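Close look at the chain arrangement
What follows is the residue order along each chain.
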Amino acid sequence: MPVIEVNHLVKQFKTVKKEKGLKGAVKGLFKAEKKIVTAVNDISFSIEKGEIVGYIGPNGAGKSTTVKMMSGILSPTSGEILINGISPEKDRKSVVKQLGVVFGQRTQLYWDLRLGESFELLRRIYNVDDDTFNRNMKMMDDILNISSIIDTPVRQLSLGQRMRGDLAAAMLHSPDVLFLDEPTIGLDVDAKHAIRRFIKEINAERQTTVILTTHDLGDIQELCKRIIIINNGVIVEDGSLDDIAERIAPYRQLIVEFYSEHEIPHPKAEIIKSEGAQTVYRFRKDEITAAELMSDIGKQAKIKDIRLEEANIDDIIRIAYNSNS
Amino acid sequence: MKSLRHYLSVALLSARLSVQSCFEYPAAFIGWLISNPIQFLVAFATIRFVVMEFNDLAGWDYKQLAFLYGVSILSHGLSVIFFSKTWWMGYQIIHGELDRLRLRPMNTLFQFLLGELNIFGITDLIPGIILFIYGCCAVDFRWTLYNTFCMICTVIGATFLRGGIYLILGSLTFWSKSPMHISGFMQEIFNRTNMYPLTMYPRVVQIIFTFVLPVSWVCFYPATEFLGKDSMITLPYGMPFITLAIGILLFAISCRVFRAGFTQYESAGS
Ligand SMILES: Nc1ncnc2c1ncn2[C@@H]1O[C@H](COP(=O)(O)OP(=O)(O)OP(=O)(O)O)[C@@H](O)[C@H]1O
Ligand SMILES: [Mg+2]
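Residue positions are given per chain, counted from 1 along the sequence in the order it is written. Naming scheme: in the order in which they are written, chains are lettered from A and ligands are numbered from 1. Residue-level local features of this predicted model are given only where pLDDT is at least 70; pairs of side-chain atoms are given and counted only at 80 or more, and the full residue set underlies all totals for whole chains, interfaces and linings. Excluded from the side-chain calculation are hydrogens and water; included are all heavy atoms of the structure.

What to know about the interface of chain B and chain A
Taken together, the contacts link 30 residues of chain B with 32 residues of chain A. When the two sides are added together, the surface that chain B and chain A hide from each other amounts to roughly 3,000 Å², 51% of it contributed by carbon and sulfur. Salt-bridge detection follows one rule: a side-chain nitrogen of Lys or Arg within 4 Å of a carboxyl oxygen of Asp or Glu. Our enumeration of links across chain B and chain A arrives at two salt bridges. Glu 24 of chain B is the salt-bridge partner of Arg 114 of chain A, the closest N and O atoms lying 2.6 Å from each other. The definition of a polar contact used here is a pair of N or O atoms within 3.5 Å, where within protein one atom must be able to donate a hydrogen and the other to accept one, and adjacent residues in sequence count solely through side-chain atom pairs. At the boundary of chain B and chain A, one finds 22 residue pairs in polar contact (both at pLDDT 80 or more). The contact criterion used is simple: two residues touch if any of their non-hydrogen atoms lie within 4.5 Å. When two parts are brought into contact, each loses some accessible area as probed by a 1.4 Å sphere; the total of that loss over both is the buried area.

Put into structure tokens, the structure is as follows:
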């Protein structure tokens, strides 16, 4: 049975269309024009235990809205969500017991409490026994170095420290499923690294299922075997990064440097740039191998140096993002 | 049973942490501690001057008015501690700050009301207690078992009555999507109206504050019984119990409204 099942999920927000300026504001008091925003438009997917799934898409695509529905904060307009077979809409309390949720943009900790006090309260709320609590705290401390910030009031923590606190808080009750909405936003290289290590480790040790939204493609490359790409509320891709690349950008580039200026065409490769002694060929993996291309070209001019480039992840993502806008 | 114990232990820990976090802001606390009682003392002095001018108000003398005000402000202090978060819940709703309540495996209203107490409300409660004691002494309130029981019903009922109305008003933002500051205004209505005997007001106002917006049940009607005063309604006894009943009823309604409102909750875009 999949851990998470989402079927034909839709979320619409009713917003009031505001007109500009004071005149518009006054007019709006009497005649408010309603506008419906469809943030999530009929999406379905299912996720198995122990997967780490990157849930990505451009700004406003509907990622956070999906996460909020899966974690019981918002009710779907239509469609169904099942977490371990239970609907968060129908039995929110049972579902959220099994969830850890982190929003990078907004802390779920208690602003005026020390981090340790927040943990104490959460432990009481989730009824975590001493053994589990201590074991989890130790693990969090090892990876996230929590003990150095445990006595600081949450409002005084830096963004990176706060994020570590939020992650630890989300893990206190050993949830099966972790929703991380932009957990690396605004973090420096070290902090990002710590958080990625954290995700990898809890996934390996506890089989925790992780859904991660991010704009950092490094997170994706390092963590996610599977990515789901959403755009304008619709899923446009779902699969491994390699498969998606294969499907939407099955190109490689061969950069050849000759000893002098040459421009040697090839029927199975396109020259996309030629500058001085250097020529860039783009070819499809399924049509010709790099070795064949190189030897064909080498027959006509002497090659000094070569470099092979895969389609860049940025490009792949950009193509995917543009496919439904 | 187990879940009741669980809820109780979370409530107690939350209360302790609320006290602790309040001391994170000692300057603010002291500020309130000085300014809040002054507000009530000024109001109290006003009563005194008015009575000195007119001898009595609708047949209530100074001591009786002190008692009336004391009972009112005591329930005010309690309602500030437990319910004042409803005054700014409109902002929390439109800014999506109630997400957390949905993420924790406990009742949302429980978390909302008892997860964070407004300990600053102590600065309302202290003058409330002082005025209450003063008022009781002034009219020589007899602390018989029955009277004590009636007084407890009055104060608890009044606290829930105030809180229920605040919570209903605060929950309206779930639908309106823009915060309305009626609750602060409502608090003024509660406190100002109950400074004077209801019988002083025109008859329509009396009817409104008795049957439509039951403001006068907070202290006026129970006080008529304690002090043997006349009012629009004559009952041989039982006013404090009506106050308690109205309080519980309004609170029960407000729980429903809050629950219904939360189905409209839309969090915030970011
Ligand atoms: N509470 C809300 N009320 C009205 N509209 C909303 C609300 N929340 C989100 N939206 C709208 O829904 C759409 C999707 O928003 P969402 O926050 O899910 O995007 P996202 O994919 O998380 O984007 P980002 O990468 O910028 O965080 C946007 O058009 C947004 O304006
Ligand atoms: Mg988002």
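Considering the sheet that holds strand β4 (residues 78-83) of chain A
Residue and element names in this part refer to chain A. One bridge is not enough; two strands pair if DSSP finds at least two bridges between them. Every helix listed is a DSSP run of H or I at least four residues long, and every strand listed is a run of E at least two residues long, numbered separately from the N terminus. The strand order across the open sheet formed by three strands is β2-β1-β4, and the pairing between neighbours is antiparallel. Every other strand in the sheet has two partners, leaving β2 (33-47) and β4 as the edge strands with one partner each. Each neighbouring strand pair of the sheet contributes to a mean axis angle of 30°, computed without reference to strand direction. Where strand β1 (residues 4-17) meets β2, 12 bridges bridge the pair, whose relative direction is antiparallel. When the bridges of β2 are listed, Leu 9 appears paired with Ile 43. Axis definition: a line fit to C-alpha positions, over the contact stretch in the case of helices; interaxial angles, taken between N-to-C directions, run 0 to 180 degrees. Where helix α2 (residues 63-70) meets the sheet, it contacts β1, β2 and β4, and its direction lies at approximately 115° from that of β1.

Side note on the site of ligand 1
Any residue with at least one heavy atom within 4 Å of a molecule or strand is counted as near it. The full set close to ligand 1 counts 17 residues, and Gly 60, Lys 63, Ser 64, Thr 65 and His 215 of chain A are the nearest of them. Taken together, the residues near ligand 1 originate from chains A and B. At 2.9 Å from an oxygen atom of ligand 1 is found a side-chain nitrogen or oxygen belonging to Asn 59 of chain A. Within the side chain of Ser 64 of chain A, an N or O atom sits 2.7 Å from an oxygen atom of ligand 1. Tallied by class, residues from the shell around ligand 1 come to five nonpolar, nine polar and three charged. Note on residue classes: Ala, Val, Leu, Ile, Met, Phe, Trp, Tyr, Cys and Pro are nonpolar, Asp, Glu, Lys and Arg are charged, and everything else, Gly too, is polar.

Considering the packing of aromatic side chains
By convention, a stacked pair of Phe, Tyr or Trp rings (six-membered ring in the case of Trp) has centres within 6.5 Å and planes under 30 degrees apart, an edge-to-face pair has planes over 60 apart, and any other such pair is tilted. The full count for this structure, using the stated rule, is 28 aromatic pairs over all chains. Centre to centre, the rings of Phe 160 of chain B and Phe 251 of chain B are 4.9 Å apart; their planes meet at 55°, and the pair counts as tilted. Pair noted here: Phe 160 of chain B is in helix α8 (residues 145-171) and Phe 251 of chain B is in helix α13 (residues 239-262), with a separation of 91 residues, a long-range link. On the basis of an interplanar angle of 40° and a centroid distance of 5.3 Å, the ring pair of Phe 174 of chain B and Phe 262 of chain B is categorised as tilted. Within this pair, whereas Phe 174 of chain B is found in helix α9 (residues 173-176), its partner Phe 262 of chain B is found in helix α13, the two being separated by 88 residues in sequence. Each member of the pair, Phe 174 of chain B as well as Phe 262 of chain B, is classed as buried. An aromatic cluster is present here, built from Phe 67, Phe 132, Phe 141, Trp 143 and Phe 226 of chain B joined pairwise through their rings. Only Lys NZ and Arg CZ are tested; either one counts as a charge over a ring when it is within 6 Å of the ring centre and within 35 degrees of the ring normal. Positioned above the aromatic ring of Phe 133 of chain A, the side-chain terminus of Arg 123 of chain A is 4.3 Å from the ring centre. When accessible area is computed with a 1.4 Å probe and restricted to protein chains, residues below 20% of their type maximum are described as buried, those above 50% as exposed, and intermediate ones as partly exposed.

A short note on the pattern of salt bridges
Residues and elements named next belong to chain A. Evaluation of the coordinates by the stated rule reveals 26 salt bridges over all chains. Of the charged contacts, one joins Glu 237 and Arg 247 as a salt bridge, the two residues approaching to 2.5 Å between their closest N and O atoms. A residue pair is termed long-range when its members are at least 10 positions apart, and Glu 237 in strand β9 (residues 234-239) and Arg 247 in helix α9 (residues 241-248) qualify at 10 residues. In this structure, Lys 285 and Glu 310 form a salt bridge, with 3.6 Å as the shortest nitrogen-oxygen distance. Taken as a pair, Lys 285 in the loop between β12 (278-284) and α10 (290-298) and Glu 310 in strand β13 (residues 303-310) lie far apart in primary sequence, 25 residues in all. Residues participating in the shared-partner salt-bridge network are Lys 192, Arg 196, Lys 200, Asp 216, Asp 219 and Glu 222.

Side note on the side chain of Arg 123 of chain A
Residues and elements named next belong to chain A. Within the fold, Arg 123 resides in helix α4 (residues 115-125). Owing to a relative accessible area of 16%, Arg 123 belongs among the buried residues under this scheme. Filtering out sequence-adjacent residues up to four positions away, Arg 123 remains in contact with Val 128, Asp 130 and Phe 133.

Details of a positive patch on the surface
Candidate patch residues must exceed 30% relative accessible area and have no salt bridge, after which like charges are joined if within 9 Å and Val, Leu, Ile, Met, Phe, Trp or Tyr side chains if within 5 Å. To measure how exposed things are, a 1.4 Å probe is used in the Shrake-Rupley method; for residues, cover is taken only from the protein chains shown. Lys and Arg are tallied as positive, Asp and Glu as negative. Neither His nor the chain termini are counted. Every charge is mapped onto a representative atom, which is NZ of Lys, CZ of Arg, CG of Asp or CD of Glu. Together, Lys 93 and Lys 97 of chain A together with Lys 2 and Arg 5 of chain B line one region of the surface with positive charge. Of all the secondary-structure elements, those providing two or more residues to the positive patch are α3 (92-97) of chain A together with α1 (2-22) of chain B. By the secondary structure assignment, Arg 5 of chain B is in helix α1. For Arg 5 of chain B, a relative accessible area of 63% puts it in the exposed group.

Notes on the domain arrangement of chain A
Residue and element names in this part refer to chain A. Source of the domain bounds: an automatic or database domain assignment. Domain annotation of chain A identifies domain 1 (4-10 + 40-245) and domain 2 (249-322). For domain 1 versus domain 2, the distance between C-alpha centres works out to 41 Å. Of the residues lining the interface, 14 residues belong to domain 1; the matching set on domain 2 comes to nine residues. For the pairing of domain 1 and domain 2, the buried interface totals around 910 Å² over both sides, and the portion due to carbon and sulfur atoms is 72%. On inspection of domain 1 and its partner domain 2, the count reaches zero salt bridges. The interface formed by domain 1 and domain 2 includes two residue pairs in polar contact (both at pLDDT 80 or more). Those elements that place two or more of their residues in the side of domain 1 that touches domain 2 are α8 (217-223), β8 (226-231), β9 and α9. Broken down by class, the residue content of the side of domain 1 that touches domain 2 amounts to 10 nonpolar, three polar and one charged.

Notes on the nonpolar core
Definition of nonpolar core: a set of buried residues of the types Ala, Val, Leu, Ile, Met, Phe, Trp, Tyr and Cys, connected through side-chain atoms within 4.5 Å. Core analysis: the largest hydrophobic core is formed by 102 residues, its most contacted members being Ile 4 and Phe 179 of chain A. For this core, the element with the most residues is helix α3 (residues 62-83) of chain B, which contributes 12 residues. Among all residues touching Ile 4 of chain A, those that are not within four sequence positions of it are Phe 45, Ser 46, Ile 47, Met 70, Leu 82, Ile 83, Val 177, Phe 179 and Ile 211 of chain A. Membership of the second largest hydrophobic core comes to 62 residues, among which are Leu 115, Met 171, Leu 187 and Ile 313 of chain A.

Thoughts on the environment of Leu 180 of chain A
Residues and elements named next belong to chain A. Its location among the elements puts Leu 180 in strand β6 (residues 177-181). Spatially, the C-alpha atom of Leu 180 lies 8.6 Å from that of Thr 214, the residues being 34 residues apart in sequence. Ignoring any residue separated from it by four or fewer positions in sequence, one finds Leu 180 in contact with Val 102, Leu 167, Ile 199, Val 210, Ile 211, Leu 212 and Thr 213.

Notes on α9 of chain A
All names here are of chain A. Looking only at α9, the buried set comprises Leu 241, Ile 244 and Ala 245. The buried residues of α9 occupy an angular sector of 100° when projected down its axis, which confines them to one face. Residues of α9 that are buried in the fold lie against α8, β8, β9 and α11 (313-322). What the arc measures is the spread of directions leading from the helix axis to the C-beta atoms.

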